[in-house]
Each structure stands twice: as C-alpha cells, then as structure tokens.
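Here's the letter readout for the chains.
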Amino acid sequence: MDIVRIATAGSVDDGKSTLIGRLLYETNSITQDKLEAIERASKRRGVDYTDLSLLTDGLIAEREQGITIDVAHIYFSTPKRKYIIADTPGHFEYTRNMITGASNAQVAIILIDARNGIVEQTHRHFYITQLLRIPYVIVCINKMDLVNYTEQQFEVVKEQFQELFSKANYKDQHIQFIPASSLYGDNIAVRSKQMPWFEGPSILEFLENIEWHSQENQLPARFPVQYVIRPRSEQWHDFRGFAGKLSSGVFRKGDVVVAMPSLQESTIAGIHRFEEEIEEAESGDSVVVTLSSEIDLSRGDMLVKKEQQPEPLKEISAQVCWLDHTPLKAGKNYLLQHGSNRVKAKVTNLFSSINVLDYQTIDGVEEIGLNEIGYISVKTARPVIADSYASNRNNGTFILIDEGSNSTVGVGFIS
Amino acid sequence: MSITTTIPAFPRMLEDESIYIMREVAAQFEKPALLFSGGKDSITLVRLAQKAFWPGKIPFPLLHVDTGHNFPETIEFRDWLVRETGAELIVRYVQDSIDAGKVKEETGKYASRNVLQTVTLLDAIEEFKFDACIGGARRDEEKARAKERIFSVRDDFGQWNPKKQRPELFDVLNGKINLGENVRVFPISNWTELDVWTYIKEEGIAIPSIYYTHKRNVIERDGMIWPHSEFLNTTEEEVPFEEIVRFRTVGDMTCTAAVASTANNIDDIIREILSAKISERGARIDDKRSEAAMEQRKKEGYF
C-alpha cells in the first residue's frame, strides 16, 4: 500500500474545511464520537450546521479566534492508498505555513470560489506549488452550487488559471481542473449528477489514479549517511554499516560507489533491512549498507554511484523562502542543513526578491523578510553534496538555522 | 462484523520514515531516551528502534514513568520485553513525587495519577539530563497532536508552545537546542491506529495480554466500562460485575475504559477497529475533561 501526501490551500471561506470533511466522511474516516463532538461544538458556537472546520482547528487560540494558525495533519485511506493531508491556513502567515505543509506533497489542491474566480491568494498558492515543483495540482473550482452548476462559469475560471499557468516556469506540472461543491459532495468522492457536462474525474478518483514514486528510482542514486553502526559485539565484531534513507535512485549489491566528499572508492558488499539481507534498495528505503573496503565515510557524507557523481558545492546559488520574523541579510552567518549534513554558512550575496503576483524580480533589495522569496548565494565551510532542486527534488533543498535561537529560519531551493 | 473484511497491508513507507527519525535522534542528541508506557504505540517504537540500529543494540534507555496504577499485565510485559531486547530500562515512580510533596494525589470519584506523571517525567529528564525523549504519540489521535511537529522543542520547564513551533520542511529535522531545552520526538506521528495494528500483525510483535479478550471485574460509569481495581474510587451504586472485555488503548487503570469484545487475535482486533464507530481516544477518560484537555497537558510538559 502506498502513501500519497496532499497539501490543501485556499483562502478564507472558500470551503476548504468542508472539502476535507467531505473526503473523510465519504471514505468513512470520521468516527461517530468525533462527528458528535463537532456537532456539539458547532451548537455551542451558535451555528446551525455542522462546522467541519472544527475537525481541523485543534488549538485553543484557533477555536477562540475562529482562525487556523498551524498546519494540521489529517489521515484517511481507501482500500488502495493511505492519504495524508497537510491542511494549511489560507490567511495567517500563509507562505511559511504552506511551504511547511506542502514540502512533502505530491499533490496540491488549490480551492477557488466559483463566484469570485482567481484572487490574490490563488497567485500565492500557485506560486508555492511551482516553487516546490509539486507534480500534481488539482484546481478545485468550488461552490458550483452557487453558480447553478453552469459550465460557463467553470470555463471562465479555468481560463483565468490557464493564463496564470502560462507564466509559470515548471511546465511539467500536471494541472487537473475539477468543478465541485464540497457542501453537497459534487465531484468530491463521486461524480456529480448536477454537472453532466464535465467528463473528468472526481477529486478522489483523480487521487486514486496518480502515479509518482517510480520516477524517483530513475534519478541518480543518493545515499546520505545518517549514522554509522558498529556493534563491536562478539557476533558482529567487524561489522561497520552505514545507515541511511536512500533519497533517490537505486542501490544494488556489487555497485561501485564513491564516498563524497572524500572521493574514496568501494563496492557495496551488502544491503540490510534489519535481519534481512536484500539485493536492491529503492528510493525512500531506510537501509544499512556495508562496503567491501574501509573508507572514510561518516554522518553528513554521501555515498553515490561512481558514474553518477555530483559536483561538491561550496558556493551555492539558491532561491530562498524566509520563515522568520528577523529578516535575512547579506553577510550574516547561519547553519545550513542539507539532509544530515549541517555546516556553517555565510550569505554572501542577496540578489533580488520576487513578487509572486506578477513574477517580477526586484533587484537591489537589502533584506528578505518573513514570507518573502528571493535569490541568494551562500558560501559553506565544508562542501555540500547536492543536486539542483529542479533535477532532484529530494537532494536539492536545505534549511537555514539561526545560530542564536537555533530555530529554522529559511528554506533554500538549489539552482 | 463480517469475517470477510479485508485487512489492509501496512504501508512500508511509514516504517522507512520512522526508522529515519530514530537514527536522526541517535545522531543529533547526546542523551536521548525512549518513553515507554507498555502500550502498543511504545512497543512499536521499541521494535522500530531495534530495526534502526541492527545489528547494534538500541543506543538509548527506555524510560518508564510508573504511576503505580498500571495494569499488572503491562509491567510483566515490560520486564519481559527488556529481557528479550537487552534494552536498558529506567523506572521513575509517581509515588516518589507524591512522597516528596511535589505533587498532590487527586481525590474524588475521578481521581487519577495521569496528570501527576508530568512532574515525575520532568524530574527524570533533569536527573538524567535527557535532551530528547522519544514518544509514541500519533497525529491522528487528537487534534492538538495533529499540529505538533516530529521534533517538538520544549522549553526549560518542559512546556510546549504551539504558536512558536519551528517550521519542519521535507525530511530535514533540526534538533539544535539551547541549554536547558529538550526535544520530544514522535517517530510515528504519521501512523494511524490501524497502521500500528497492521504493523504489529505483519511484524509479529508481542503485546500485553489485556489487548485481547478476557474476563474482568468492571463497573459502569458515564456509559463506559471501567476496570475495577483498588485504585479506583467508586460510589455505593457502582457495583462491580464480571464482563468479557479487552482494552483498545492502554493507560492507567484509573483512566482507561475497556470495550466489550471477544477478539482474541490480531485479525479480529483489526476488524473490530475497521468497523468501530468510536475513535481510540474515546476510551480515554483523561481526554474527556475538556475540549482542550490534551493541549493544556502538553503545554505543561505532558508528552
């Protein structure tokens, strides 16, 4: 059984919570006691319908203020798949939260109110799906019941969105338009009888049929070493295993590999998944690799195939999204963490920031503030073994950590 | 309940993710501990830790905060598991915190030591200088937990600040902390109750006997079946009677309700969950105290 991760984005009142509630309800994923608890809470708040947003608004402050502050994780499954929804707030620190929630997603659902069409938030949400290169985007044109389920209004909004897409960089993104009414369940789990003119899938049908993870096995193998296992016990006296999660590609027993950055060569002697020895590890597998010879390899290093070596980077150009209230400034030192590799880094140049509404770059900026996106270059104390984000999503990002607060303050996408 | 209900396969990607998290903990922290309660979630954590560091031993101790109100079957199981895995076990007692005057025993019909264990836990963290505590909380259990990070930073007082959580992106985990702070780590954040059970089934993991059907003295209170024990304060009307039950979730004897069930094997347990109308934490009396009971306890240092 595989897992599909979904990020949902929408602005205030466009029915996002109702849509999620629908998906849960129609896949039998809400239990009676949870539903009753929501009904009770809805009544206490004086609303006369079951407010499904109460399902996701978990914090006291959120319920008091009727807003969503943080990313909530919601789970549902079908006989075919398990789904994880990262539900991100539409209006409160949207960029920071949406990037956090959507960073692992294979699918983004962008909600648009059929009456209003594309609004400013839609630009921001779509920009983030592009920045993150989320492979599938469902543009859910919702509240079709309020426009009499007419094809004409659907087409108007669809055209507006296509105009937006025409300016985007990541053209391989698969966009699926779906007219829906989450309130009445039209085109959510099952196809709508109200919109016979629409021949596409319902949201759930679309989710059930996407294929994605086979692609990551086609990429060059990247094995970041997390931990070195040396039991030093009688039985495993000479065992020296390298534990990690293969972030892309495939490793086979007998592959000739190179440790980076030491550039020492060896051969894969064994691949272990607990007590079981396997012939091959795929992208995403957490395994222990043993080598045929002793080489210099430890946490933060990377094992790659001899014929697929990336260039070690000490000067990194990246697009960065800032996540902290204290702005990013050129010349400042941070810790840069790329997978398990954490190194000292200095922001050497700050080129420009980007206006996500019209894709214009603004040159000569002094700083990049919370929720803003810009281009920077970073110099690192030790080499980073990375790929460009466009060529390898799992090996092309890093976070920046503030050395004072230790908090994660920025995320970078390597150019 | 139909015998033909198909039991779904366990999604292996979840195990890969959890093992990755376990290894990050061992690599990023100096003194981690695994919070062990004897329930199925922490038993799952022990299995994941075994797998993550094989053929080496689990490189951190198990910490059990013993309320003194445990099911005896849980303690028996704990000691067996420790012998079986060769893991190191540390036990700290809520009774000691009570005797030292640090906490006061609750009184009345609903008295429980569930809230008290937070103080004992925080004291143990300080005593051993633990910088990371691995817990078995899952995001599907409860709505405050749905918003918590995998690496969740706690301040000097063990408190969680839900409004100031670090962004957690991709699978990069930032375990950098300031002196005095510590991190609660939740490797099975993305598992559901069903995932835990299908994993237990596929891996053949042993669990305490109270998860299976058995005869027990119980009382009925607030529409739930409470296990009768010397620790439970009962009224005169609450007359104990024998019932065929099992436990879906295991906490203290004073705050875990039983369910009427004849499930005596994992497949039947899974089928029962698949057809259940009540969520898992519906059987946790401690959560019913208020709409925000869990968030409130977490802010004070509960895991």
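Residues numbered from 1 in each chain as written. Chains lettered and ligands numbered in written order. Predicted model: local features only at pLDDT ≥ 70, side-chain atom pairs only at ≥ 80, totals over all residues. Heavy atoms only, no water.

Participant: Before we move on, can you summarise the overall build of chain B with the specific residues and values?
Facilitator: Helix and strand counts for chain B stand at eight helices and 10 strands. Taking 2.2 N^0.38 as the reference for a compact globule, 303 residues should give roughly 19 Å; the C-alpha atoms of chain B span a radius of gyration of 19 Å, in line with that estimate. Each principal axis of the C-alpha distribution contributes one length, and for chain B these read about 55 × 50 × 40 Å. The buried share among the 303 residues of chain B stands at 62%. In chain B, the share of contacts with a sequence separation of at least 24, taken over all contacts with a separation of at least 6, comes to 75%. With the model as given, the accessible surface of chain B reaches about 11700 Å², and the carbon-plus-sulfur share is 50%. Between the centroid of the 42 positive side chains of chain B and the centroid of its 51 negative side chains there is a distance of 3 Å. (Helix = DSSP H or I, 4+ residues; strand = E, 2+ residues; numbered from the N terminus. Rg over C-alpha atoms; globule rule 2.2 N^0.38 Å. Buried < 20%, exposed > 50% of the residue type's maximum accessible area, 1.4 Å probe, protein only. Contact = heavy atoms within 4.5 Å. Areas by Shrake-Rupley, 256 points an atom, 1.4 Å probe, with all protein chains shown as cover. Lys, Arg positive; Asp, Glu negative; His and termini not counted. Charge placed at Lys NZ, Arg CZ, Asp CG, Glu CD.)

Participant: Which residues make up the pairing of strand β9 (residues 241-246) of chain B, and what values go with them?
Facilitator: All names here are of chain B. In this structure, strand β7 (residues 214-221) lies alongside β9, joined through five bridges in antiparallel fashion. Within β9, the residue paired with H214 across the bridge is V245. Pairing of β9 with strand β10 (residues 259-260), which is carried by two bridges, proceeds in the antiparallel orientation. If you follow R246 over to β10, its bridge partner there is V259. (Pairing = 2+ DSSP bridges.)

Participant: Give a detailed account of the packing of aromatic side chains, specifying residues and quantitative values.
Facilitator: Centre-to-centre distance and the angle between the planes together describe a pair of aromatic rings. Taken as a whole, this structure holds 28 aromatic pairs over all chains when the rule is applied. Note on Y389 of chain A and F413 of chain A: the rings are 5.0 Å apart at their centroids and 75 degrees apart in plane angle, and the pair reads as edge-to-face. Of this pair, Y389 of chain A sits in the loop between β23 (373-384) and β24 (397-401) while F413 of chain A is found in strand β25 (residues 408-414), placing the two residues 24 residues apart along the sequence. Of the two residues, Y389 of chain A and F413 of chain A, neither departs from the other in class, the shared state being buried. Relative to W191 of chain B, the ring of F10 of chain B has its centre 5.0 Å away and its plane inclined at 50 degrees; by these criteria the two rings are tilted. Pair noted here: F10 of chain B is in the segment before α1 (12-28) and W191 of chain B is in the loop between β6 (182-185) and α6 (193-203), with a separation of 181 residues, a long-range link. (Phe/Tyr/Trp six-rings, centres within 6.5 Å; stacked < 30°, edge-to-face > 60°.)

Participant: How would you summarise the interface of chain A and chain B if you had to cite specific residues and measurements?
Facilitator: Each side of the interface is counted separately: chain A has 73 residues, and chain B has 65 residues. The contact between chain A and chain B buries some 5700 Å² in all, and 56% of this surface belongs to carbon and sulfur atoms. Among the ionic pairs, D16 of chain B bridges to R273 of chain A, the shortest N-O distance being 3.0 Å. Here the element with the most residues in the side of chain A that touches chain B is helix α2 (residues 32-44) of chain A; it accounts for five residues. Residues that form the side of chain A that touches chain B fall into these classes: 32 nonpolar, 23 polar and 18 charged. (Buried area = accessible area lost by both parts, 1.4 Å probe. Salt bridge = Lys/Arg side-chain N within 4 Å of Asp/Glu carboxyl O. Nonpolar A, V, L, I, M, F, W, Y, C, P; charged D, E, K, R; others polar.)

Participant: Pulling in residues and values, what's your account of the domain arrangement of chain B?
Facilitator: The parts lose accessible area when they come together, and the size of an interface is often stated as this lost area. Residues and elements named next belong to chain B. With domains assigned, chain B is organised as domain 1 (12-196 + 291-299) and domain 2 (210-286). On a C-alpha basis, the centroid separation for the pair domain 1 and domain 2 is 24 Å. With 27 residues of domain 1 in contact, the opposing surface of domain 2 contributes 26 residues. Interface area, domain 1 with domain 2, both sides summed: about 2200 Å², of which 52% is carbon and sulfur. Broken down residue by residue, the surface that domain 1 buries against domain 2 is led by F71, K109 and E193, which jointly contribute 31%. Linking domain 1 to domain 2 there are three salt bridges. Along the contact surface separating domain 1 from domain 2 lie eight residue pairs in polar contact (both at pLDDT 80 or more). Of the residues in the side of domain 1 that touches domain 2, the class split is seven nonpolar, nine polar and 11 charged. (Domains from an automatic or database assignment. Polar contact = N/O pair within 3.5 Å; in protein donor to acceptor, adjacent residues only side chain to side chain.)

Participant: Just give me the short version of helix α5 (residues 120-131) of chain A, but keep the residues and values in it.
Facilitator: Residue and element names in this part refer to chain A. Taking 1.5 Å per residue as the helical rise, α5 with its 12 residues ought to reach 16 Å, and the 17 Å between its terminal C-alpha atoms agrees with that figure. With respect to burial, α5 is a largely interior element, 11 of its 12 residues being buried. Every buried residue belonging to α5 is among Q121, T122, H123, R124, H125, F126, Y127, I128, T129, Q130 and L131, and all of these are buried. Downstream of α5 by one or two residues, R133 has phi in the positive range, about 50 degrees. (Expected span 1.5 Å × (residues − 1).)

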